[in-house]
Amino acid sequence: FRCRYDGVLICGFSFLINLILTAVWSATRPYDIDGRITLFEGDCGVSKQYNVVAHLVINALSTLMLSASNYGMQCLSAPTRREVDAAHARRRWVDIGVLSIRNLKSVSGKRRLMWFVLGVSSLPLHLL
């Protein structure tokens, strides 16, 4: 499935952007006597602008990750032609074209596990 790799690339891109921005920002800040870093010290107006920009970037990256995860979950729960034929042979039906928990009974254990991991890892993004 090609779609699995698209989601992984988007999540990897989001992770790298987070890592690079955090590393660059913290590397350019001086350490205090206790070895801690002050991320920003200055005018409240400037601090508010930094806060808004930071939240916009975080929300954009979170949206990318959440949509990639949802796309991956749809691909993982989509039955293959062979799985559709097997379900029909057992006189059962599967959902086509939608994210379906019901289809998880018909897909391989590996795909079911990956679907569950994506679902659990996406939960914090919904709650933040």
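Each chain has its residues counted from 1, following the order in which its sequence is written. Local features in a predicted model are, by the rule used here, given only for residues with pLDDT of at least 70; side-chain atom pairs are given and counted only at 80 or more, and totals for whole chains, interfaces and linings are based on all residues. Note: side-chain values were computed over all heavy atoms of the structure, leaving out hydrogens and water.

Draft legend 1. Main features of the packing of aromatic side chains. Any Phe, Tyr or Trp ring, taking Trp's six-membered ring, that has another such ring centre within 6.5 Å forms a pair; planes under 30 degrees apart are called stacked, those over 60 apart edge-to-face, and the others tilted. Within the structure shown, the criterion is met by two aromatic pairs. Between the aromatic rings of Trp 25 and Tyr 50, the centroid separation amounts to 5.5 Å while the plane-to-plane angle is 80°, which identifies the pairing as edge-to-face. Of this pair, Trp 25 sits in helix H1 (residues 2-27) while Tyr 50 sits in helix H2 (residues 44-77); the two residues are 25 residues apart in sequence, bridging distant segments of the chain. Overall, Trp 25 belongs to the partly exposed group, its relative accessible area being 30%. Pairing Phe 40 with Tyr 50 gives two aromatic rings, centres 5.0 Å apart and planes at 85°, and the pair type is edge-to-face. Note on conventions: DSSP H or I runs of at least 4 residues are helices, E runs of at least 2 residues are strands, and numbering of each starts at the N terminus. The rule is simple: take the accessible area with a 1.4 Å probe, protein chains only, and divide by the maximum for that residue type; under 20% is buried, over 50% is exposed, in between is partly exposed.

Draft legend 2. Examining H2 more closely. Multiplying one less than the number of residues by 1.5 Å gives the expected span of a helix. If you check H2, its first and last C-alpha atoms are 48 Å apart, about what 34 residues at 1.5 Å a residue would give, namely 50 Å. All buried positions along H2 are accounted for by Leu 61, Ala 68, Ser 69, Gly 72, Met 73, Cys 75, Leu 76 and Ser 77.

Draft legend 3. Broad picture of the side chain of Ser 14. Within the secondary structure, Ser 14 is located in helix H1. Owing to a relative accessible area of 0%, Ser 14 belongs among the buried residues under this scheme. With residues up to four places along the chain from it excluded, the contact list for Ser 14 reads Leu 61 and Met 65. In what follows, a contact means two residues having at least one pair of non-hydrogen atoms within 4.5 Å.

Draft legend 4. Region of the structure containing unusual backbone geometry. Even without glycine at this site, Arg 91 takes up a positive phi of about 65°. Note on placement: Arg 91 falls in the loop between helix H3 (81-89) and helix H4 (109-127). Judged by relative accessible area, Arg 91 falls into the exposed class, the value being 78%.

Draft legend 5. Highlighting the confidence of the model for the protein. For every residue, the predictor states its confidence as a pLDDT score lying anywhere from 0 to 100. In the predicted model, the protein carries a mean pLDDT of 83, and 93% of its residues have values of at least 70. No element of the protein has a lower mean pLDDT than H1, which averages 78, and none a higher one than H3, which averages 89.

Draft legend 6. Structural view of a positive patch on the surface. Where like charges cluster on the molecular surface, the positive patch consists of Arg 90, Arg 92, Arg 102 and Lys 105. Within the secondary structure, Lys 105 is located in the loop between H3 and H4. Patch criteria: residues need more than 30% relative accessible area and no salt bridge. Like-charged residues are merged within 9 Å; nonpolar side chains of Val, Leu, Ile, Met, Phe, Trp and Tyr are merged within 5 Å. Values of accessible area rely on a 1.4 Å probe in the Shrake-Rupley scheme; residue burial ignores everything except the protein chains shown. Salt bridges are identified by distance alone: a Lys or Arg side-chain nitrogen within 4 Å of an Asp or Glu carboxyl oxygen. Working convention for charge: Lys and Arg count positive, Asp and Glu count negative, and His plus the chain ends are omitted. Charge positions are represented by NZ for Lys, CZ for Arg, CG for Asp and CD for Glu.

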